[in-house]
Amino acid sequence: MKKTFSFILIAGFISIFLISCKTEESIDQKIEKLLSQLTLEEKVSLIHGNTYFTTPAIPRLGIPALHLSDGPCGVREENSPYGWSPANWNNDSTAYFPALTSLASTWNTDLATEFGDVYGEEAVIRGKNIMLAPGLNIHRTPLNGRNWEYLSEDPYLTSRISVNFIKAAQANGIAVCAKHFALNNQEFERATINVEVSERALREIYLPAFETAVKEGEVLSIMGSYNRFRGQYACENPYLLQTILKGEWGFRGLVMTDWDAAHTTAGAAKNGLDLEMMPMEGTKDSYYTGQPLLDSIKAKKIDPKVVDDKVRRILYVMVKLNMIGKSEPDTTGMEALLAAPSRAKTALKIAEESIILLKNEQALPLDFKNIKTLAVIGDNAVRKHARGGGSTVIKAKYEISPLEGLQRKLGNSVKINFAQGYTISQNLKTIDQALIKEAVKTAASADAVLIFGGLNHEPGLDCEGTDRPDMKLSYGQDELIKAVVKANPKTIVVMIAGSPVDMGAWISDVKGLIYTSYLGMETGTALAGVIAGDVNPSGKLSYTLPVKLEDSPSYVLGEYPGKNGIVKYNDGLLVGYRYFDTKNVKPLFPFGFGLSYTTFSYRDYKLEVSGKDESLKCVVSFYITNTGKVEGKEIAEIYVRDLESTFPRPFKELKGFSKVSLKAGETKKVEITLNQRAFQYYNPDKKQWVLEPGKFEILVGSSSENMQLKQQVEL
Ligand code: BGC
């Protein structure tokens, strides 16, 4: 019986293997057939853009145009073909999803799958083939203007969340584009800055999410970044593109430039780039890989075979998406289909689960039965964020602000008095005393006070193209919060920000603090739900909140933002909590931290190790009990600490996590399997990942600071 079963199993595996070989074979055959029918001029036309967001079609062979679109929060509005100005269509308003920082702070991989799924659906309705997301860059400095578009300071969390997003989005028959490959960790001088980083930090911190996207997510496209790495532009960097991405990782899809990120014809042709997007600034059709490439080939300076490889990869994506011979996508009637209620529901779920409760001295949830007047203060209570931030901009079908969310929830049962508190201005240091005075007055007479502050997508804050000047709150928010708390000690602060902000001026004075990134079209609904206690907060920080900028690793160990066009990542492996832990620096709130309206306890820790090398399995199991009075979700975080190592390693590193939903009083068993990668480091001399035998400690934390269980294991 057992034998027959194994036979069936083996036969099954063999046939799956043969089928997949065959499909890859037939894909290759299709590609080679098309390639042999293309002229050199046609091939060259395929390897650069046509308009800003499309590639050309070759109708005689059924090769269609590729339609590309930003970005991580949903499908961007239609642009004019040769510029950045909107095309002003009246039917392209879409769903506005939470930022990827929000998705990461849910720590919920199933939600990442749901997100990818609805995201892909919207793209299909809009007739897009390649969506320019997710952004997989690591939060290295608190000041990066695009942190909010990326997921986390931790490569493991970034990988696990993004890979599910990628798989689910691509299952809709579109490609996504993991960006910005690689080391685009600041906006300051992003177009030219040269990043110097050790091989270990490259492999262990900055590349793992891309590696997972390729190997597990089978991502079909990758966008090279603007910056340079070890002296060469990322889009023309043979080590990144050929040696690592296409060589070591076996990437079969296409590599495109970031917009206008090619620099030379020879570099773009020879070093692993496949598709150049956006013509050289200000021109309609001059590309490094256009006429200059044809001229170089004709002059025998460049081998035409390099073009074949690029075309193969572009065709590979098209064949995978079943596009060859198909007509242009039909988008008639799309207006009615975009941002459908089912997708809005997913946007809401992500928003709710991403909200992080950082401080709660019996301040939250608000008991609205006993509240007659509520003061709502601050520009972020009414600000809509969809329209800003750079390329992630969304023309949202709707966006419910926090104030609107509260009004909808409370109706006439509570009188809401709004005060602006602060206004946005180009000078981030502007303080409007009259607005502070008005806010204080509104707060003093209210039964409860909510201040909505933080950042927004104005240039110099959470916005593409520039970094923030410092970690301080802008527009006099510190003064506002201090004055309002003094007038009404029941004040609760809600920070909306995609990066760390300095809260030192008032943190010890407030009783309640909620922290969230940009939450998308259902922002207000989600926040009102948490504030009123209908939703139990379950998000945890995907990055460390330092007390002040001067405590952060890129500042202390540096460099940031670099000197004379070069930024040396002297912080090496010590990014985020890896630094705070290893150097014993106390953050304001640690990575992985977040409270709930209930409490949890952990017990009965077990470790079971079996196999070795590739088949090594370390099964970590324990029980979590909801010890409070309401239903809630807890995120258990598994950290691995190498106790004996030849090379320096961070104090501990996240290698697993699980989010569990528990009714009041309920207990559930959690089981997480770690494989050999969880214990390895990258050995630059051997050029491979290595597990150094010895003792490891496996810790289970409710944050990176609060360890609940630990045990050692010898491997
Ligand atoms: C951004 C990319 C974006 C592209 C197209 C660039 O400026 O860096 O993230 O996808 O523009 O809009």
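Conventions we followed
- Residues numbered from 1 in each chain as written.
- Predicted model: local features only at pLDDT ≥ 70, side-chain atom pairs only at ≥ 80, totals over all residues.
- Heavy atoms only, no water.
- Helix = DSSP H or I, 4+ residues; strand = E, 2+ residues; numbered from the N terminus.
- Rg over C-alpha atoms; globule rule 2.2 N^0.38 Å.
- Buried < 20%, exposed > 50% of the residue type's maximum accessible area, 1.4 Å probe, protein only.
- Contact = heavy atoms within 4.5 Å.
- Areas by Shrake-Rupley, 256 points an atom, 1.4 Å probe, with all protein chains shown as cover.
- Lys, Arg positive; Asp, Glu negative; His and termini not counted.
- Charge placed at Lys NZ, Arg CZ, Asp CG, Glu CD.
- Near = heavy atom within 4 Å.
- Polar contact = N/O pair within 3.5 Å; in protein donor to acceptor, adjacent residues only side chain to side chain.
- Nonpolar A, V, L, I, M, F, W, Y, C, P; charged D, E, K, R; others polar.
- Pairing = 2+ DSSP bridges.
- Phe/Tyr/Trp six-rings, centres within 6.5 Å; stacked < 30°, edge-to-face > 60°.
- Salt bridge = Lys/Arg side-chain N within 4 Å of Asp/Glu carboxyl O.
- Axes fitted to C-alpha atoms, helices over the stretch in contact; angles between N-to-C directions.
- Parallel < 35°, antiparallel > 145°, perpendicular 65-115°, else oblique.
- Left-handed = near helix turned anticlockwise from the far one by under 90°.
- Core = buried A, V, L, I, M, F, W, Y, C linked by side-chain atoms within 4.5 Å.

Participant: Quick question: what am I supposed to make of the overall build of the protein here?
Facilitator: Helices and strands together make up the secondary structure of the protein, namely 19 helices and 24 strands. For the protein, whose C-alpha radius of gyration is 26 Å, the value lies close to the compact-globule estimate of 27 Å for 715 residues. Considering only C-alpha atoms, the protein reaches an extent of 80 × 65 × 55 Å along its principal axes. Among the 715 residues that make up the protein, the fraction classed as buried is 61%. Put simply, 75% of the contacts in the protein that link residues at least 6 apart link residues at least 24 apart. Carbon and sulfur atoms make up 52% of the accessible area of the protein, which amounts to about 27500 Å² in all. Looking at charge distribution, the protein has the averaged site of its 83 positive side-chain charges lying 2 Å from that of its 84 negative ones.

Participant: It is not clear to me how the environment of Cys-177 should be interpreted in this structure. Could you clarify?
Facilitator: Among the structural elements, Cys-177 can be located in strand E3 (residues 175–181). Owing to a relative accessible area of 0%, Cys-177 belongs among the buried residues under this scheme. If near-sequence neighbours (up to four positions away) are discounted, Cys-177 is found in contact with Ile-130, Met-131, Leu-132, Ala-133, Pro-134, Ser-221, Ile-222, Met-223 and Met-256.

Participant: Where do I start with the site of the ligand in this structure?
Facilitator: Lining the immediate surroundings of the ligand are 15 residues, of which Asp-70, Arg-146, His-180, Asp-258 and Glu-464 lie closest. The separation between an oxygen atom of the ligand and a polar side-chain atom of Arg-76 is 3.3 Å. Between the ligand and Glu-464, the relevant distance is 2.8 Å, taken from an oxygen atom to a side-chain nitrogen or oxygen of the residue. Here the ligand, which alone exposes 310 Å², has 97% of that area covered by the protein. When the residues that make up the shell around the ligand are grouped by side-chain class, the tally is six nonpolar, two polar and seven charged.

Participant: I'm lost on the pairing of strand E23 (residues 695–701) in this one. Help?
Facilitator: If a strand is regular, its side chains alternate between the two faces of the sheet. Within E23, six of the seven residues are buried, leaving the element largely enclosed by the surrounding structure. Sheet topology places strand E18 (residues 632–642) next to E23; six bridges connect them, and they run antiparallel. Along E23, the bridge assignment pairs Arg-641 with Glu-697. Bridge analysis of E23 against strand E24 (residues 707–714) gives seven bridges, and the strand direction is antiparallel. Within E24, the residue paired with Ile-698 across the bridge is Gln-711. Between the end of E23 and the start of E24, which pair antiparallel, lie five residues.

Participant: How should I be thinking about the packing of aromatic side chains in this particular structure?
Facilitator: Each aromatic ring pair is summarised here by two numbers: the centre-to-centre distance and the angle between the ring planes. Using the criterion set out here, one finds 24 aromatic pairs in the structure. Each ring, one from Phe-53 and one from Trp-84, has its centre 5.9 Å from the other, and the planes form 80°; the classification is edge-to-face. Remark: Trp-84 occurs in the loop between strand E1 (68–69) and helix H3 (100–106) and Phe-53 occurs in the loop between helix H2 (40–46) and E1; sequence separation between them is 31 residues. Take Trp-84: its relative accessible area is 40%, and that puts it in the partly exposed class.

Participant: It is not clear to me how the environment of Asn-427 should be interpreted in this structure. Could you clarify?
Facilitator: Among the structural elements, Asn-427 can be located in the loop between strand E11 (415–419) and helix H15 (433–444). Owing to a relative accessible area of 45%, Asn-427 belongs among the partly exposed residues under this scheme. Each C-alpha atom, one on Asn-427 and one on Gly-460, is 9.7 Å from the other, the two residues being 33 residues apart in sequence.

Participant: Even after reading the chapter, I still don't get the pattern of salt bridges, so can you show me in this structure?
Facilitator: Side chains that carry opposite charge are capable of pairing whenever their charged atoms lie near each other. Applying the stated criterion to the full structure yields 49 salt bridges. Linking Asp-154 and Arg-578 is a salt bridge whose minimum nitrogen-to-oxygen distance equals 2.8 Å. With Asp-154 in the loop between strand E2 (130–131) and helix H5 (155–170) and Arg-578 in helix H19 (residues 577–582), this residue pair connects regions lying 424 residues apart in the sequence. You'll find Asp-154 and Arg-578 in the same group, each marked buried. For Glu-653, the salt bridge goes to Arg-649, with nearest N and O atoms at 3.6 Å. Pair check on accessibility: Glu-653 and Arg-649 agree, each one buried. Each member of the salt-bridge network shares a partner with another, and the members are Arg-146, Glu-149, Glu-187, Arg-190 and Glu-464.

Participant: How should I be thinking about the pairing of strand E16 (residues 600–610) in this particular structure?
Facilitator: Sheet analysis places E16 next to strand E17 (residues 617–626), joined by nine bridges and oriented antiparallel. Of the residues in E17, the one forming a bridge with Glu-608 is Val-619. Linking E16 to E17, which pair antiparallel, is a turn of six residues; within it Gly-611 sits at a positive phi near 65°.

Participant: Looking at this model, I keep getting lost on the packing of helix H13 (residues 341–354) against helix H17 (residues 523–532). Mind explaining?
Facilitator: Packed helices, taken two at a time, are described by their axes: the angle between them and the distance between them. The contact between H13 and H17 brings their axes to 9 Å, and the two run at 45°. On the basis of the axis angle, H13 is oblique to H17. Remark: the crossing between H13 and H17 carries right-handed chirality. Counting all contacts with H13, which are made through Leu-348, Ala-351 and Glu-352, the residues of H17 involved are Thr-525, Ala-526 and Val-530.

Participant: How do you make sense of the sheet that holds E11 when you look at a structure like this?
Facilitator: Paired through backbone hydrogen bonds, the strands of a sheet run either parallel or antiparallel to each other. Taking strand neighbours across the sheet as the criterion, the six strands line up as E9-E14-E13-E12-E10-E11 in an open arrangement whose pairing is mixed. Every interior strand has two partners, whereas the edge strands, strand E9 (356–360) and E11, have only one. Within this sheet the neighbouring strands show an average axis-to-axis angle of 20°, counted without direction. In this structure, strand E12 (residues 448–454) lies alongside strand E13 (residues 491–496), joined through six bridges in parallel fashion. Bridged to Phe-452 within E13 is Val-494. The strands that helix H14 (residues 402–410) touches are strand E10 (373–377), E11, E12 and E13; relative to E11, the one it contacts most, it runs at about 170°.

Participant: Explain the nonpolar core to me, please; I cannot follow it from the model alone.
Facilitator: The nonpolar side chains of a soluble globular protein tend to be buried with one another. One finds Met-256, Leu-374 and Tyr-515 to be the most contacted residues of the largest nonpolar core, which totals 191 residues. A per-element tally of this core places helix H11 (residues 305–320) first, with eight residues.

Participant: Please explain the side chain of Ser-554 as it appears in this structure.
Facilitator: As for its placement among the helices and strands, Ser-554 is situated in helix H18 (residues 553–556). You can call Ser-554 buried: its relative accessible area is 2%.

Participant: Looking at this structure, I do not really get the side chain of Asp-379. What am I missing?
Facilitator: Within the fold, Asp-379 resides in the loop between E10 and H14. Note on Asp-379: relative accessible area 4%, which makes it buried. Reaching out from Asp-379, the side chain makes a polar contact with the side chain of Arg-383 at a distance of 2.4 Å. Polar contacts involving the side chain of Asp-379 include one to the side chain of Gln-420, which spans 2.8 Å.

Participant: Please explain the environment of Thr-442 as it appears in this structure.
Facilitator: In this structure, Thr-442 sits in helix H15. Thr-442 sits 249 residues away from Leu-691 along the chain, and the two C-alpha atoms are 61 Å apart. Setting aside anything within four residues of it in sequence, one finds Thr-442 in contact with Ala-375, Asn-417 and Ala-419.

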